[in-house]
Amino acid sequence: MRDDNRLDAIETLWAAGQRDKALAALGSHLAKDPEDATAWSLKGLYLLELEPNDPSLALVALERSLAISPTYQAAYNAGNALLDLDRLSEAQKLYELSIECFDGYPQAWVNKGIVQHRTAQTKDALVSFERALQLDAAFAPALRCKAIALEAVGDKEASEATYARLVELYPDDLDALSDYGRALSRLPPDNRMELHPGGREWRAVETLNVVIDRKPDDVAALLAKAEVLYRCMYANVCFRTNVVDYVPGPLRTGGFASELRSVLELAKQRFPGHPRFKKYEAALDELRSQN
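Residues numbered from 1 in each chain as written. Predicted model: local features only at pLDDT ≥ 70, side-chain atom pairs only at ≥ 80, totals over all residues. Heavy atoms only, no water.

## Let's talk about the overall build of the protein
Assigned secondary structure in the protein consists of 15 helices and zero strands. Projecting the C-alpha coordinates of the protein onto the three principal axes gives extents of approximately 80 × 35 × 30 Å. The 291 residues of the protein split such that 43% are buried. Put simply, 53% of the contacts in the protein that link residues at least 6 apart link residues at least 24 apart. Looking at the protein as shown, the accessible area adds up to about 15000 Å², and 51% of this sits on carbon and sulfur atoms. For the protein, the separation between the mean place of its 35 positive charges and that of its 44 negative charges on side chains is 4 Å. (Helix = DSSP H or I, 4+ residues; strand = E, 2+ residues; numbered from the N terminus. Buried < 20%, exposed > 50% of the residue type's maximum accessible area, 1.4 Å probe, protein only. Contact = heavy atoms within 4.5 Å. Areas by Shrake-Rupley, 256 points an atom, 1.4 Å probe, with all protein chains shown as cover. Lys, Arg positive; Asp, Glu negative; His and termini not counted. Charge placed at Lys NZ, Arg CZ, Asp CG, Glu CD.)

## Concerning the layout of surface pockets
Of the pockets and cavities examined, the largest pocket occupies roughly 200 Å³. In terms of lining, the largest pocket is formed by 12 residues, of which the most central are T38, S41, L42, T71 and Q73. Counting only elements with at least two residues in the lining of the largest pocket, the list comes to α3 (37–50) and α5 (72–84). Counting residues per element, the lining of the largest pocket draws most heavily on α3, at five residues. (1 Å grid on protein atoms, 1.4 Å probe; cavity = no way out; pocket = protein on both sides within 12 Å on 5 of 7 lines; lining within 4 Å. Points joined across faces, edges and corners; volume = space filled by probe spheres on them.)

## Details of the pattern of salt bridges
It is possible for side chains bearing opposite charge to pair when their charged atoms get close. Under the criterion given, the structure shown has 21 salt bridges. Linking R64 and E35 is a salt bridge whose minimum nitrogen-to-oxygen distance equals 3.4 Å. You can see R64 sitting in helix α4 (residues 56–68) and its partner E35 sitting in the loop between α2 (19–32) and α3, a full 29 residues away along the chain. For R64, a relative accessible area of 32% corresponds to the partly exposed category. D173 is paired through a salt bridge with R144; the nearest N and O atoms lie 3.6 Å apart. You can see D173 sitting in the loop between α10 (156–169) and α11 (174–185) and its partner R144 sitting in helix α9 (residues 140–152), a full 29 residues away along the chain. (Salt bridge = Lys/Arg side-chain N within 4 Å of Asp/Glu carboxyl O.)

## Things to note about α5
For α5, with 13 residues, the first-to-last C-alpha span of 18 Å sits near the 18 Å given by 1.5 Å per residue. Burial analysis of α5 places 10 of its 13 residues in the buried class, which makes it a mostly covered element. All of the buried residues in α5 are A74, A75, Y76, N77, A78, G79, N80, A81, L82 and L83. Tucked inside the fold, the buried residues of α5 contact α3, α4, α6 (88–101) and α7 (106–118). One or two positions beyond α5, positive phi appears at D86, with a value near 65°. (Expected span 1.5 Å × (residues − 1).)

In structure tokens:
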């Protein structure tokens, strides 16, 4: 029989950072009551937190809990342990069990969708992400995963719109801004550049500037900005409404080549020798040789 007061005391110890005492007390509790499914579930959760790189011990405790009495928490955490162990088909079954026990936990739907996406069930994954968003329309993990899955099935427009929604909801989330900036940096399906103030390339540089300023070690953001500048440099355009009405834009150096050069300087400081910047270095070298 579960001793709620005893488990509450153990959880208080854990929350206070007294992890050794909490685990010792939990061990004593389970020695007296080995059929307490909640206690086994709690032990599994604690072991996942203690040993995130080795979830095998946590999985033993969680499976013991599930064998006694399945709950959505234990099934979800067991699914996470299996996902970390790359046992994907087993993880999906555990997420499905968690949802059977309680279908109102959005993260279980998201994690099920992640497994589906990783096992080439991306259209099914989109259904899972949508279900999570029905439960919580502003759930950031579901929005991010939905955007990734939409891009994987070729719906870049919907993917970009989902990233835009994520940024709208969480404007201070640098990961969301980086995702959105990288989405904007890619050419749309019709391969047309928007060479006007506020256009796609403009917004890409603007967004990526914010990310790079606050998170200069985001190599993906640096590469995305370099790609936009490289493309615009070869298009030989500028952000103008007409030849006389100049609109100040997101370029800080006044030109695409000079802006690209500044990106490469930062890349050399942060990521010396990174192979993916060589393309842009070669482009600037070619430009210099022509002048």
